[in-house]
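Breakdown of the fold
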Amino acid sequence: MTLDVTVYSAVNCGYCVLMKNFLHEQNILYKEVIIQEKPEIAQELIAATGRLGVPQTNINGNWVLGYDPNSAMKIIQQLTTANNRDGELQ
């Protein structure tokens, strides 16, 4: 399964560093969007999640708000399990 992971972060954000380190330790590739470099993203985040704080991580359309590795792994495991079941049916 290909995971599409994007971490929305800010410069000097300790929790953002923790989230990116967690993904790296799990060998999960991700894209990073630094919100100071793209101010229009702030409105998109508020529309999508109701929050502006960072980090916010999107995993195949599922949001993880803040540094929450447990929620991230739960989503990844659900996506992987669903993909494995779908693959077995083909």
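Preceding this paragraph is the structure being described.
As the structure is a computational prediction, the values presented were derived from the model and not from experiment.

What counts as what
Within each chain, residues carry numbers counting from 1 in the order of the written sequence. Local features are withheld for residues below a pLDDT of 70 in this predicted model, meaning they are given only at 70 or higher, and side-chain atom pairs are given and counted only at 80 or more; totals for whole chains, interfaces and linings count all residues. The basis for every side-chain value is the complete set of heavy atoms in the structure, and neither hydrogens nor water enter the calculation. Only DSSP runs of H or I with at least four residues qualify as helices, and only runs of E with at least two residues qualify as strands; both kinds are numbered from the N terminus onward. Three exposure classes are used, based on accessible area relative to the maximum for each residue type with a 1.4 Å probe and protein chains only: buried under 20%, partly exposed in between, and exposed over 50%. Between two residues, a contact is recorded if the distance between any of their heavy atoms is within 4.5 Å. In these tables, accessible area is a Shrake-Rupley quantity obtained with a 1.4 Å probe, and a residue counts as shielded only by the protein chains included in the view. When charges are counted, Lys and Arg are positive and Asp and Glu negative, with His and the chain ends excluded. Charged side chains are reduced to one point each, which is NZ for Lys, CZ for Arg, CG for Asp and CD for Glu. By definition, a salt bridge exists where a carboxyl oxygen of Asp or Glu is found within 4 Å of a side-chain nitrogen of Lys or Arg. When DSSP finds at least two bridges between two strands, those strands are taken to pair. Each axis is a line fitted through C-alpha atoms, and for a helix only the stretch in contact is used; angles between axes span 0 to 180 degrees, taken between their N-to-C directions. Ring pairs are drawn from Phe, Tyr and Trp, using the six-membered ring of Trp, whenever the two centres fall within 6.5 Å, and their geometry is named by plane angle: stacked under 30 degrees, edge-to-face over 60, tilted for the rest. Any two cysteine sulfur atoms within 2.5 Å of one another count as a disulfide.

A look at the overall build of the protein chain
Within the protein chain, the regular secondary structure consists of 3 helices and 4 strands. Secondary structure of the protein chain in N-to-C order comes out as β-α-β-α-β-β-α. Dimensions of the protein chain, computed from C-alpha atoms along their principal axes, come out at roughly 45 × 25 × 20 Å. For the protein chain, the proportion of its 90 residues judged to be buried stands at 36%. Contacts in the protein chain between residues at least 24 apart in sequence constitute 60% of all its contacts with a sequence separation of at least 6. Surface summary for the protein chain: the accessible area is close to 5,800 Å², and the carbon and sulfur share equals 49%. Treating the 6 positive side-chain charges of the protein chain as one cloud and the 9 negative ones as another, the clouds have centres 4 Å apart.

Describing the pattern of salt bridges
According to the stated counting rule, one finds 2 salt bridges in the structure shown. A salt bridge links D4 to K31, with the shortest nitrogen-to-oxygen separation between them at 2.5 Å. Of the two residues, D4 is situated in the segment before strand 1 (5–9) and K31 in strand 2 (residues 31–34); the sequence distance between them amounts to 27 residues. For D4, a relative accessible area of 41% translates into the label partly exposed. Among the residues examined, K31 registers a relative accessible area of 46% and is labelled partly exposed.

Quick look at the sheet that holds strand 1
Spatial ordering of the open sheet is given by 2-1-3-4, a layout of 4 strands whose pairing is mixed. Two strands bound the open sheet, and with one partner strand each, they are strand 2 and strand 4 (62–65). Across the sheet, the mean angle from the axis of one strand to that of its neighbour is 20°, orientation sign disregarded. Of the strand pairs in this sheet, strand 3 (residues 56–59) and strand 4 are connected by 4 bridges, and their pairing is antiparallel. Bridging across to strand 4, T57 finds its partner in V64. Packing of helix 1 (residues 14–25) onto the sheet brings it into contact with strand 1, strand 2, strand 3 and strand 4, and relative to strand 1 it is tilted by some 160°. Each of strand 1, strand 2, strand 3 and strand 4 touches helix 2 (residues 40–49); the most contacted strand, strand 4, lies at about 105° to it.

Some words on the packing of aromatic side chains
Counted by the stated rule, this structure contains 1 aromatic pair. Their ring planes at 35° and their centres at 5.7 Å tell us that Y8 and W63 sit as a pair that is tilted. Here Y8 is found in strand 1, whereas its partner W63 is found in strand 4, with 55 residues between them in sequence. By relative accessible area, Y8 is classed as buried at 15%.

Remarks on the state of the cysteines
For the coordinates displayed, the defined rule picks out 1 disulfide. Across a sulfur-sulfur distance of 2.4 Å, C13 and C16 are joined as a disulfide pair. Looking down the S-S bond of the C13 and C16 bridge, the torsion is 80°, so its handedness is right-handed. For the pair C13 and C16, a shared accessibility class is recorded, and that class is buried.

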